[in-house]
Amino acid sequence: MGFIQIHILHHASEDSVFGSWMLDELKSHGYNLSAGTMYPLLRTMESTGLLYREDRNVGGKIRKYYKTTPYGEKVLYEARRKAYELFKEIHN
Ligand SMILES: [Zn+2]
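Predicted model only: the values in this text are computed from it and were never measured.

## Comments concerning the nonpolar core
Working step 1: Among the nonpolar cores identified, the biggest contains 17 residues, and I8, L9, M22, M38, L42, M45 and L51 are the most heavily contacted of them.
Working step 2: Secondary structure elements with two or more residues in this core: helix 1 (3-14), helix 2 (19-28), helix 3 (35-47) and helix 4 (70-90).
Working step 3: For M22, the residues in contact, after removing those within four places along its chain, are H7, I8, H11, V17 and M38.

## Comments concerning the packing of helix 2 against helix 3
Working step 1: The interhelical angle for the contact between helix 2 and helix 3, taken along N-to-C directions, is 120°, at an axis separation of 10 Å. Classified by the interaxial angle, the pair formed by helix 2 and helix 3 is oblique. Where helix 2 crosses over helix 3, the handedness of that crossing is right-handed. Within the contact between the two elements, helix 2 uses G19, S20, M22, L23 and L26 and helix 3 uses A35, M38, Y39 and L42.

## Re the side chain of H11
Working step 1: Examined against the element boundaries, H11 turns out to sit in helix 1.
Working step 2: Residue classification places H11 among the buried positions, given a relative accessible area of 13%.
Working step 3: Ignoring any residue separated from it by four or fewer positions in sequence, one finds H11 in contact with V17, W21, M22 and E25.

## Side note on the pattern of salt bridges
Working step 1: For the coordinates displayed, the defined rule picks out 5 salt bridges.
Working step 2: Residue E46 is joined to R53 by a salt bridge in which the shortest nitrogen-to-oxygen separation is 3.7 Å.
Working step 3: Overall, E46 belongs to the partly exposed group, its relative accessible area being 26%.
Working step 4: Classification of R53 as partly exposed rests on a relative accessible area of 34%.
Working step 5: Across the pair E78 and R81 runs a salt bridge whose closest N-O atoms are separated by 2.7 Å. A residue pair is termed a helical-turn pair when its members lie 3 or 4 positions apart in one helix, as E78 and R81 do in helix 4 at 3 residues.
Working step 6: Its relative accessible area of 28% is what places E78 among the partly exposed residues.
Working step 7: Here the salt bridges do not stand alone but share partners, grouping E46, R53 and D55 into one network.

## Topic: the pairing of strand 2 (residues 61-68)
Working step 1: Across 8 bridges, the pairing between strand 1 (residues 51-58) and strand 2 is antiparallel. The residue of strand 2 that forms the bridge with V58 is K61.
Working step 2: Two successive antiparallel strands, strand 1 and strand 2, enclose a turn made up of 2 residues, where G59 displays a positive phi of approximately 55°.

Conventions adopted
- Residues numbered from 1 in each chain as written.
- Predicted model: local features only at pLDDT ≥ 70, side-chain atom pairs only at ≥ 80, totals over all residues.
- Heavy atoms only, no water.
- Core = buried A, V, L, I, M, F, W, Y, C linked by side-chain atoms within 4.5 Å.
- Buried < 20%, exposed > 50% of the residue type's maximum accessible area, 1.4 Å probe, protein only.
- Helix = DSSP H or I, 4+ residues; strand = E, 2+ residues; numbered from the N terminus.
- Contact = heavy atoms within 4.5 Å.
- Axes fitted to C-alpha atoms, helices over the stretch in contact; angles between N-to-C directions.
- Parallel < 35°, antiparallel > 145°, perpendicular 65-115°, else oblique.
- Left-handed = near helix turned anticlockwise from the far one by under 90°.
- Salt bridge = Lys/Arg side-chain N within 4 Å of Asp/Glu carboxyl O.
- Pairing = 2+ DSSP bridges.

Spelled out as structure tokens, the structure:
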């Protein structure tokens, strides 16, 4: 589980997210991902059960929204715990 995935799980647990929103969000944290990386990543996280997808019609276009599943919440909880442990250790 990488930082990008943890970041996605975190935001998708607070509210539904979609690809281009997530790209902007990560950009504000200094990650420059391309759409060609983000969309397959979201699909993979969906197929591994971390996210579930909800298609919504936005002005005649279907937009895929993702939300963290209960399993994803468990993975996020564990990742948060480990990230905190690491933070405590490397932060002097
Ligand atoms: Zn963020």
